[in-house]
Amino acid sequence: MYMSLLLRLLRSSVSHEWYQTETTVVVTVLVKNVKQEDLEVEFTRKGLNVSLKLPSGSDYVLDLVLAHPIIAEGCVTKVLGTKIELKMKKEVGMRWATLEGSGEEPSAKPIAAVSDDGAAAAAAAPMAYPSSSHAQKDWDKLARDLKEEEKNEKPEGDAALQKLFQQIYGDGSDEVKRAMNKSFSESGGTVLSTNWQEIGSAKTEVKPPDGVTYKKYEQ
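Rules and cut-offs
Residues numbered from 1 in each chain as written. Predicted model: local features only at pLDDT ≥ 70, side-chain atom pairs only at ≥ 80, totals over all residues. Heavy atoms only, no water. pLDDT = per-residue confidence, 0-100. Contact = heavy atoms within 4.5 Å. Pairing = 2+ DSSP bridges. Helix = DSSP H or I, 4+ residues; strand = E, 2+ residues; numbered from the N terminus. Axes fitted to C-alpha atoms, helices over the stretch in contact; angles between N-to-C directions. Core = buried A, V, L, I, M, F, W, Y, C linked by side-chain atoms within 4.5 Å. Buried < 20%, exposed > 50% of the residue type's maximum accessible area, 1.4 Å probe, protein only. Phe/Tyr/Trp six-rings, centres within 6.5 Å; stacked < 30°, edge-to-face > 60°. Lys NZ or Arg CZ within 6 Å of the ring centre and 35° of its normal. Patch = residues over 30% accessible without salt bridge, like charges linked within 9 Å, V, L, I, M, F, W, Y side chains within 5 Å. Areas by Shrake-Rupley, 256 points an atom, 1.4 Å probe, with all protein chains shown as cover. Salt bridge = Lys/Arg side-chain N within 4 Å of Asp/Glu carboxyl O. Polar contact = N/O pair within 3.5 Å; in protein donor to acceptor, adjacent residues only side chain to side chain.

Asks: Quick question: what am I supposed to make of the confidence of the model for the protein here?
Replies: It should be kept in mind that the predicted coordinates are not to be read in detail where pLDDT is low. Across the protein, pLDDT averages 76, with 64% of residues at or above 70. Every residue in residues 108–114 scores below 50 in pLDDT, and together they form three contacts with partners more than four places removed in sequence or on other chains. Below a pLDDT of 50 lies the segment residues 127–134, which in the model reaches five contacts outside its immediate sequence neighbourhood of four places, other chains included.

Next up, the structure:
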């Protein structure tokens, strides 16, 4: 009687725990000094069976029906000094609420694969964004219309002058661009010329507007 009680106590001293990642479930059997030859582990699609001869000479069995299917071929067993680690690969990357269950198929189904033709058609389709409105909007068309409005917008005052300079510089030849850069930098921003033959042969003098005195900035 005492011997059977001792064996039950030894068995109860071995416990297991588990945790999970997105792709794996890891069961850890907390037992020390286990020899590899005393351990037998069987992974099936819906189960885990561990048979172990403890250092005390008694037997330990862990037989689980898993909550969800696993990929048996992708499972790994590691025997460490203080524990046995059983890493099981999930068949579907979903969160398990419990370790044990009926081995039923997960209710969350993986996203179906899309063929090359389907992917190409999806890429060619106009972008659609969520909206509380029942009428769908072509956002690509709206973006094109907005760009067209900006292009046709008529600036005024300094903005109009700035846009004119940008257009001249953008459409100009290399000589025009060199002339504009040289005249503007050498004159302290008071002269902007497009004539390279005139500007290229000498330094551009500072020519402030009438009634304005030019002062060089000193750091």
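Asks: Would you explain the pairing of strand β4 (residues 47–53) in this entry?
Replies: Each regular strand shows side chains that alternate between the opposite faces of the sheet. In this sheet, β4 lies alongside strand β3 (residues 39–44) in antiparallel orientation, the contact comprising six bridges. Residue pairing across strands places Glu40 opposite Ser51, the latter belonging to β4. Of the pairings in the sheet, the one linking β4 to strand β5 (residues 59–65) comprises seven bridges and is antiparallel in character. By the bridge assignment for β5, Leu52 is matched with Tyr60.

Asks: Sorry if this is basic, but what is going on with the sheet that holds strand β7 (residues 84–90) here?
Replies: One key point about sheets: their strands pair by backbone hydrogen bonds, in either a parallel or an antiparallel sense. Spatially, four strands are ordered β1-β2-β7-β6 in an open sheet, and the strand pairing comes out antiparallel. Since the sheet does not close on itself, it has two edges, and those belong to β1 (15–20) and β6 (70–79), each with one partner. Here the average twist between neighbouring strands, direction ignored, is 20°. As paired elements, strand β2 (residues 24–30) and β7 share six bridges and run antiparallel to each other. Paired with Thr24 across the strands is Lys89, a residue of β7.

Asks: Would you explain the nonpolar core in this entry?
Replies: Across soluble globular proteins, you tend to see nonpolar side chains buried next to one another. Leu48 and Met88 are the most contacted members of the largest nonpolar core, which has 24 residues in total. Only β2, β3, β4, β5, β6 and β7 provide two or more residues apiece to this core. Sequence-distant contacts of Met88, that is, excluding residues within four places in its chain, are made with Thr23, Thr24, Val25, Val27, Phe43, Leu48, Leu66, Ile70, Cys75 and Leu99.

Asks: Got a minute to help me understand the packing of aromatic side chains in this structure?
Replies: In this description, a pair of aromatic rings is defined by centroid distance and the angle of the planes. Under the definition given, this model contains zero aromatic pairs. The ring of Trp196 has Arg178 sitting right over it, with the charged end atom 5.1 Å from the ring centre.

Asks: Would you take a moment to explain a nonpolar patch on the surface for this structure?
Replies: Taken together, the side chains of Leu164, Phe165, Ile168, Phe184 and Leu192 make up a nonpolar region of the molecular surface, amounting to roughly 400 Å² of accessible area. The biggest single contributor to the nonpolar patch is helix α4 (residues 157–171), with three residues. Of note, Phe184 is situated in helix α5 (residues 174–186). Relative accessible area serves as the criterion here: at 46%, Phe184 is assigned to the partly exposed category.

Asks: I'm lost on the pattern of salt bridges in this one. Help?
Replies: Note on pairing: side chains with opposite charge can pair once their charged atoms come close. Going through the model one piece at a time under the given rule, you end up with two salt bridges. The salt bridge partner of Glu91 is Arg45, with a shortest N-O separation of 2.7 Å. Remark: Arg45 occurs in the loop between β3 and β4 and Glu91 occurs in the loop between β7 and α2 (116–124); sequence separation between them is 46 residues. Under the relative-accessibility criterion, Glu91 is labelled partly exposed at 32%. In this structure, the salt-bridge partner of Lys53 is Asp59, at a minimum N-O distance of 2.9 Å. Of the residues examined, Lys53 reaches a relative accessible area of 36% and is grouped as partly exposed. With relative accessibility at 40%, the residue Asp59 sits in the partly exposed group.

Asks: In this structure, what is going on with the environment of Lys53? I would like to understand it.
Replies: Checked against the element boundaries, Lys53 lands in strand β4. Separated by 17 residues in the primary sequence, Lys53 and Gln36 have C-alpha atoms spaced 10.0 Å apart. Apart from residues lying up to four places away in sequence, Lys53 is in contact with Asp38, Ser58 and Asp59. At a separation of 2.9 Å, a polar atom in the side chain of Lys53 contacts the side chain of Asp59.

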